[in-house]
Each structure stands twice: as C-alpha cells, then as structure tokens.
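Below are the chains, spelled out letter by letter.
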Amino acid sequence: MPPPPPTIYPETIKFLEVIEEIKETNRLLKVEPKTDIAISNIIYPSDRTIFSKLKNGMRKRIPMDALMNLALHFKIDMNYIFYDGFEINYYPEVLQDSATNNQVILNVSDDHLRIINKNNYNALGLTMKLYEQMMTLLEQNRKLSENKKVKSQ
C-alpha cells in the first residue's frame, strides 16, 4: 500500500500559486525571473529547492524570510495567502529582459494590468472599482438633493 500523500497546508498551496503566477506572468512578458530556481534565489537564497520541498511535503511551513522577501521584492499583497477574498496582485514594475539582461521599464494600461493579473479584484482594480462606486453614489446623492430642493419649493 503506497504511503498517503503529504499534507500541504492551505497557506502553502496559496504561496505556491503566487510563485506560479509570477512565473507565468514573467514568461508572458519575456522577463526574468521565470523559473523556480531564479525566484528562490531572490526570496530564499539559503535553499534553492524550497518550492519542490513545499510541494512534496518535505517542508510543512513556508519560511518567514521567504514570505517577507516575496512581498518586498515582487510587491505582492500577502493577504492573499492568509485570507479568502483577496487576489494575487503581481505586476512587475522594473523588469530584466531575458535576452539582453538589461533592465526594462514597462508602461501598460490599467486594463492590460487587469488582464495580466487575470482578475478584476487586484489592489489597483479594487481601488478603481471603489472609486467608480463612490462617484456613482455621489451622483445619486446630488440628484436626490436636487429633487428635495424642487419638492420643497
């Protein structure tokens, strides 16, 4: 009888999803880092095989250093890992071109950013949506105020 599959904590699964999103986004944009080893060199250089150890259950928990470095270097909202209802918010601001190893600065629209992140609820998208809802509410309030003035006269 084969041994049972290793228990992987939900936080670890979400952490690995973030890593996959970073790799996929960087592959699409043709920038570095786009492999497990390249990313692990940045966020947890003391163990370049950290992701495979987490996937295989050899490590139970994500090292706090790796979480901090992931958040700082890739500017990821770590609420995604610990709370439901948050989406991955990864957008490479300054990138390194894989062909020339030169830094590249990308300028993309907000809509393109939403497509890259594959959701409408990343931090920028959420802020824009809240702003749009606030403007709608202010407009409705203005109309109500005008209607009350007309009725009172």
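Residues numbered from 1 in each chain as written. Predicted model: local features only at pLDDT ≥ 70, side-chain atom pairs only at ≥ 80, totals over all residues. Heavy atoms only, no water.

### Digging into the overall build of the protein
When you go through the protein residue by residue, the secondary structure sums to 7 helices and 3 strands. Helices (α) and strands (β) of the protein occur, in sequence order from the N terminus, as α-β-α-α-α-α-β-β-α-α. The buried share of the protein, taken over its 153 residues, is 29%. Sequence separation of 24 or more characterises 52% of the internal contacts of the protein that already satisfy a separation of 6 or more. For the protein, the exposed surface amounts to about 10,400 Å²; the carbon and sulfur share of it is 56%. (Helix = DSSP H or I, 4+ residues; strand = E, 2+ residues; numbered from the N terminus. Buried < 20%, exposed > 50% of the residue type's maximum accessible area, 1.4 Å probe, protein only. Contact = heavy atoms within 4.5 Å. Areas by Shrake-Rupley, 256 points an atom, 1.4 Å probe, with all protein chains shown as cover.)

### So, the confidence of the model for the protein
Regions with low pLDDT carry predicted coordinates that are not meant to be interpreted in detail. For the protein, per-residue confidence averages 76 on the pLDDT scale, and 71% of positions sit at 70 or higher. When pLDDT is averaged over each helix and strand of the protein, the minimum, 50, is found for strand β2 (residues 94-97) and the maximum, 93, for helix α2 (residues 36-43). (pLDDT = per-residue confidence, 0-100.)

### A word on the nonpolar core
The biggest cluster of nonpolar side chains holds 22 residues, and the ones touching the most others in it are F15, I43 and L70. Secondary structure elements with two or more residues in this core: α1 (10-29), α2, α3 (50-56), α4 (64-74) and α5 (79-82). Counting residues per element, this core draws most heavily on α1, which supplies 5 residues. Residues within four places of I43 in sequence aside, it is in contact with F15, I19, F51, D65, A66, N69, L70 and F74. (Core = buried A, V, L, I, M, F, W, Y, C linked by side-chain atoms within 4.5 Å.)

### What to know about the packing of α1 against α2
Close contact between α1 and α2 brings their axes to 10 Å; oriented N to C, the two are set at 115°. For α1 against α2, the interelement crossing comes out right-handed. For the pair α1 and α2, contact is made by F15, I19, E20, I22 and K23 and by D36, I39 and I43, respectively. Looking at the contact of α1 with α2 residue by residue, the classes come out as 5 nonpolar, no polar and 3 charged. (Axes fitted to C-alpha atoms, helices over the stretch in contact; angles between N-to-C directions. Left-handed = near helix turned anticlockwise from the far one by under 90°. Nonpolar A, V, L, I, M, F, W, Y, C, P; charged D, E, K, R; others polar.)

### Focus on the pattern of salt bridges
Overall, the coordinates contain 9 salt bridges when judged by the stated rule. Residue E24 pairs with R27 through a salt bridge whose shortest N-O separation is 3.5 Å. Of the two residues, E24 and R27 both sit in helix α1, 3 residues apart, roughly one turn of that helix. Taking the shortest distance from any N to any O, the salt bridge between D36 and K55 comes out at 3.6 Å. Of the two residues, D36 is situated in helix α2 and K55 in helix α3; the sequence distance between them amounts to 19 residues. By relative accessible area, which is 36% here, K55 ends up partly exposed. (Salt bridge = Lys/Arg side-chain N within 4 Å of Asp/Glu carboxyl O.)

### Some details on the packing of aromatic side chains
For any pair of aromatic rings, the description rests on two quantities: the centre-to-centre distance and the angle between the ring planes. Going through the model one piece at a time under the given rule, you end up with 1 aromatic pair. Ring centres of F15 and F51 lie 6.1 Å apart, and the angle between their planes is 45°; this geometry places the pair in the tilted category. Of the two residues, F15 sits in helix α1 while F51 sits in helix α3, which places them 36 residues apart along the sequence. When its relative accessible area of 1% is taken as the criterion, F15 is described as buried. The cationic tip of K14 hangs over the ring face of Y80; the distance from NZ or CZ to the ring centre is 5.3 Å. Positioned above the aromatic ring of Y9 is the side chain of R61, whose terminal nitrogen or guanidinium carbon lies 3.8 Å from the ring centre. (Phe/Tyr/Trp six-rings, centres within 6.5 Å; stacked < 30°, edge-to-face > 60°. Lys NZ or Arg CZ within 6 Å of the ring centre and 35° of its normal.)

### A look at the side chain of T12
If you trace the backbone, T12 turns up in helix α1. Look at T12 and you get buried, because its relative accessible area is 3%. Not counting chain neighbours up to four residues away, the residues in contact with T12 comprise L54, K60 and I62.

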